[in-house]
Amino acid sequence: MKKGKKKILFVASEADPFIKTGGLADVAGSLPQALREEGHDVRLVIPQYRQIPEEYKERMESVCHFRTKLAWRDTYLGVNRLEEDGVPVYFIDNKYYFDRDSIYENDDKHEQFAFFSQAVLDMLPVIDFKPDIIHANDWQTGPLPLLFADRYRQQSYYQDIKTVFTIHNLKYQGQFAGHSAGDVLGVAPHHWESGNIRHNGLLNYMKTGIMYADHITTVSESYAREIQTSYFGEGLDYALRMRADDLSGILNGISYEKFDPKTNKNLAVRFSKGEIDKKLANKIHIQQKLGLEVNADKPLIGFISRMVEQKGLDLVRAVFDEIMATGAQFLILGTGQREYEEFFKAKQHKYPDNLSVNIKYDAQLADQIYAGSDLFLMPSRFEPCGLSQLISFRYGTIPIVRETGGLNDTVVSYNEETGEGTGFSFSNYNAHDMLHTIERAVSFYEQKGVWNKLVNRVMDLNYSWHNSAKKYSKLYNNLTEEKAKRPKQK
Ligand code: ADP
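Residues numbered from 1 in each chain as written. Predicted model: local features only at pLDDT ≥ 70, side-chain atom pairs only at ≥ 80, totals over all residues. Heavy atoms only, no water.

*Asks:* Before we move on, could you go through the overall build of the protein chain and cite the residues and values that matter?
*Replies:* Looking only at helices and strands, the protein chain has 21 helices and 18 strands in total. Here the protein chain has a C-alpha radius of gyration of 23 Å; the compact-globule value for 490 residues is 23 Å, and the two agree. By its C-alpha atoms, the protein chain is 65 × 45 × 45 Å across when sized along the principal axes. Counting across all 490 residues of the protein chain, residues that qualify as buried make up 61%. Contacts in the protein chain between residues far apart in sequence, at least 24 positions, make up 73% of those at least 6 positions apart. By element, 47% of the accessible surface of the protein chain is carried by carbon and sulfur atoms, the whole surface being about 19,200 Å². (Helix = DSSP H or I, 4+ residues; strand = E, 2+ residues; numbered from the N terminus. Rg over C-alpha atoms; globule rule 2.2 N^0.38 Å. Buried < 20%, exposed > 50% of the residue type's maximum accessible area, 1.4 Å probe, protein only. Contact = heavy atoms within 4.5 Å. Areas by Shrake-Rupley, 256 points an atom, 1.4 Å probe, with all protein chains shown as cover.)

Printed below as a string of structure tokens:
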């Protein structure tokens, strides 16, 4: 392998196209390929859930299987493999842990994901791939750096491996009653007693990853700064400040092949930059399909999201009638908390021609909404990176965002003096500030000269993985070159 080219094992609990609940799957499904284009030998490993479609299971080949011990339990561990877009993907097979109705909503999820972390470490000598870097992601893989420090790094096979832990969303931490620390992870008691894996008396997988990885990243520079403060720190800001020297932010990208308006088969009409009429044809199509008044002149605002508090839904709810009074149409796609779903469903009756509420997960419809909307609303309370604003750019749809996390790092608010900008933004988490920003965006929508320039400008932006993959490369190289450096907490 060429100098500076590394072997990297990317470890995640979900990855597109095998299994997806959120943005982590988009990242795990596209970053490894981008890193391979940089010359690294990157491989991915995920659990072999029941929900993975048959077409992938049929393509898997068995690599090995053996028994392993998770604390007191002696259990089967199978490793299967396939190749997807040039990336070797390993699947950890254990029917007891992963052949379940739900992938995350299980009472013993601490044990499921302790098993996953351990299985990844156990399989390495057997699969004939020794990584320079193990790159873990989010709480489900938090135990991996701990197990590595506790009992793998001491073995000569593992000693040169470095661990990276990426936080995609600090809110979801994996917190469990403390007695499971010793029982399931089987680590030395001092990890618990020192507080390294404990927060508020509970075993905390997110904190575990933060405290034991050689380096921690998160998915935008703004979020990396924000999570060190109590407002955004979700209770773990102190741990992040302790590791501040080993914490950095690298913005996510999106797949420019998957989200390509020129080739995406989900679109009614495919289009390129400059083909505003063809973009409008997508708007007409989605208006017809979802039963909105068909009117190319009405501004159409899209909103595609998990319906949870993080996404600013209480702001939308507080001024919903005022938003509709701007004369815009509103198109919602998402599932989540009942209170939000019910609110929008109830409003549907009030605005039959101008509001479409779609309570479901539908990737094809999502593409059609991104392409057909004029504006895309993301008033998030916090947003580690946010992918939807980047997907919107790709389809010439102008984002309206709150200035937080990755939204702050990617959207430049339109400035009518200079004509610069790529969207519309507001700073305070306040419903009327959001409303004012929507009104402002709608007023510019009516000025076709300004608007078309904006549409063409955002279609020229490039938020593919290319730049971010270069930053990860640099991080991997720095880490493997700092041989002596170890995290300070142990
Ligand atoms: P998060 O990871 O917090 O959910 P992101 O903006 O990082 O938010 O990523 C969300 C991804 O999930 C985007 O690709 C978005 O289009 C997609 N998505 C969210 N809800 C739905 C839905 N109901 N149907 C289809 N896609 C959805």
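Moving on, there is more to tell.
*Asks:* Can you tell me about the nonpolar core, naming the residues and giving the values?
*Replies:* Ranked by size, the top nonpolar core spans 90 residues in total, and within it Phe18, Ile92 and Ile210 carry the most contacts. Among the elements that make up this core, the one with the highest residue count is helix α5 (residues 109–127) (10 residues). Contact partners of isoleucine 210, with chain neighbours within four places excluded, come to Phe165, Ile167, Leu170, Ile216, Leu236, Ala239, Leu240 and Arg243. The next biggest cluster of nonpolar side chains, apart from the first, holds 71 residues, and it includes Leu290, Phe303, Tyr340 and Leu435. (Core = buried A, V, L, I, M, F, W, Y, C linked by side-chain atoms within 4.5 Å.)

*Asks:* An account of the sheet that holds strand β5 (residues 87–93) is needed here, citing residue identities and associated values.
*Replies:* Sheet strands pair by backbone hydrogen bonding; their relative direction is either parallel or antiparallel. The strand order across the open sheet formed by 9 strands is β3-β4-β5-β2-β1-β6-β7-β11-β12, and the pairing between neighbours is mixed. The open sheet has two free edges, formed respectively by β3 (61–70) and β12 (247–249), since each of these has just one partner strand. Taking the axes of each pair of neighbouring strands and ignoring which way they run, one obtains an average angle of 25 degrees across the sheet. In this fold α5 packs onto β1 (7–11), β2 (41–47), β3, β4 (73–84), β5 and β6 (133–137), with an angle of close to 120 degrees to the strand it touches most, β3. (Pairing = 2+ DSSP bridges. Axes fitted to C-alpha atoms, helices over the stretch in contact; angles between N-to-C directions.)

*Asks:* Tell me about the pattern of salt bridges, and please be specific about residues and values.
*Replies:* Per the stated rule, a full pass over the model turns up 32 salt bridges. A salt bridge links arginine 338 to glutamate 342; its shortest N-O distance comes to 3.7 Å. On the criterion of helical spacing, the pair formed by arginine 338 and glutamate 342 is a turn pair, its members being 4 residues apart in helix α15 (residues 338–350). A salt bridge links arginine 440 to glutamate 416; its shortest N-O distance comes to 2.8 Å. Remark: glutamate 416 occurs in the loop between α18 (405–410) and β18 (424–426) and arginine 440 occurs in helix α19 (residues 431–445); sequence separation between them is 24 residues. Several salt bridges converge on common partners, so that one network encompasses Arg36, Asp41 and Arg43. (Salt bridge = Lys/Arg side-chain N within 4 Å of Asp/Glu carboxyl O.)

*Asks:* Could you give an account of the sheet that holds strand β13 (residues 300–304), with specific residues and numbers?
*Replies:* The 6 strands lie next to each other as β15-β14-β13-β16-β17-β18, forming an open sheet whose pairing is parallel. Both edges of this open sheet fall to β15 (355–358) and β18, since each of them pairs with a single strand only. Each neighbouring strand pair of the sheet contributes to a mean axis angle of 15 degrees, computed without reference to strand direction. Bridging between strand β14 (residues 329–333) and β15 involves 4 bridges; their strand directions are parallel. Its bridge partner being in β15, leucine 331 is matched across the sheet by serine 356.

*Asks:* If you had to explain the packing of aromatic side chains to someone new, which residues and values would you point to?
*Replies:* In the structure shown here, the tally under the stated rule is 33 aromatic pairs. Between phenylalanine 18 and phenylalanine 91, the aromatic rings sit 5.3 Å apart at their centres with planes inclined by 85 degrees, giving edge-to-face as the arrangement. Note that phenylalanine 18 is positioned in the loop between β1 and α1 (23–28) and phenylalanine 91 in strand β5, a separation of 73 residues in sequence. Owing to a relative accessible area of 0%, phenylalanine 91 belongs among the buried residues under this scheme. Their ring planes at 50 degrees and their centres at 6.0 Å tell us that tyrosine 104 and phenylalanine 113 sit as a pair that is tilted. As far as the burial class goes, tyrosine 104 and phenylalanine 113 line up, both buried. An aromatic cluster is present here, built from Tyr49, Tyr96, Tyr97, Phe98, Phe115 and Phe116 joined pairwise through their rings. When the ring centre of tyrosine 96 is taken as origin, the NZ or CZ atom of arginine 100, which lies over that ring, is 5.4 Å away. (Phe/Tyr/Trp six-rings, centres within 6.5 Å; stacked < 30°, edge-to-face > 60°. Lys NZ or Arg CZ within 6 Å of the ring centre and 35° of its normal.)

*Asks:* So what's going on with the site of the ligand? Which residues, and what values?
*Replies:* Of all residues adjacent to the ligand, which total 20 residues, the nearest are Gly23, Arg306, Lys311, Lys360 and Tyr370. With respect to the ligand, the backbone of lysine 360 contributes an N or O atom lying 2.8 Å from a nitrogen atom. The backbone of aspartate 362 places a nitrogen or oxygen atom 3.0 Å from a nitrogen atom of the ligand. Relative to its unbound accessible surface of 570 Å², the ligand loses 90% to contact with the protein. Mapped onto the shell around the ligand, the elements with two or more residues apiece are α1, α16 (363–372) and α17 (388–394). A total of 3 residues in the shell around the ligand trace back to one element, the largest contributor, which is α16. Taken together, the residues that form the shell around the ligand break down as 8 nonpolar, 6 polar and 6 charged. Each of two domains, domain 1 (7–253 + 466–481) and domain 2 (276–460), supplies a minimum of three residues to the shell around the ligand. (Near = heavy atom within 4 Å. Polar contact = N/O pair within 3.5 Å; in protein donor to acceptor, adjacent residues only side chain to side chain. Nonpolar A, V, L, I, M, F, W, Y, C, P; charged D, E, K, R; others polar. Domains from an automatic or database assignment.)

*Asks:* Go over helix α20 (residues 448–460), please, and point to the residues and values.
*Replies:* When the terminal C-alpha atoms of α20 are compared, their 18 Å separation across 13 residues agrees well with the 18 Å that a helix rising 1.5 Å per residue should span. Three or more residues of α20 are buried, namely Trp451, Leu454, Val455, Val458 and Met459. The arc enclosing the buried residues of α20, seen along the axis, measures out at 130 degrees, which places them on a common side. Among the exposed residues of α20, those pointing more than 90 degrees away from its buried face are Gly449, Lys453 and Asp460. Buried residues in α20 make contact with α12 (276–289), β16 (375–378), α17, β17 (398–402), β18 and α19. (Expected span 1.5 Å × (residues − 1). Arc of directions from axis to C-beta.)

*Asks:* Please provide a residue-by-residue account of the side chain of serine 255, values included.
*Replies:* Considering the arrangement of structural elements, one finds serine 255 in the loop between β12 and α12. Here the side chain of serine 255 touches lysine 258 through a polar contact of 2.9 Å, landing on its backbone nitrogen.

*Asks:* Can you lay out the pairing of strand β11 (residues 215–218) for me, pointing to particular residues and giving the numbers?
*Replies:* Looking down a regular strand, the side chains alternate between one sheet face and the other. Along β11, one buried face is formed by His215 and Thr217 and the opposite face, lined by Ile216 and Thr218, is buried too. In terms of strand pairing, strand β7 (residues 162–167) meets β11 through 4 bridges, oriented parallel. Bridge pairing in β11 links valine 164 to histidine 215. As paired strands, β11 and β12 are joined by 3 bridges and run parallel to one another. Across the sheet, the residue bridging to threonine 218 is glycine 249, located in β12.

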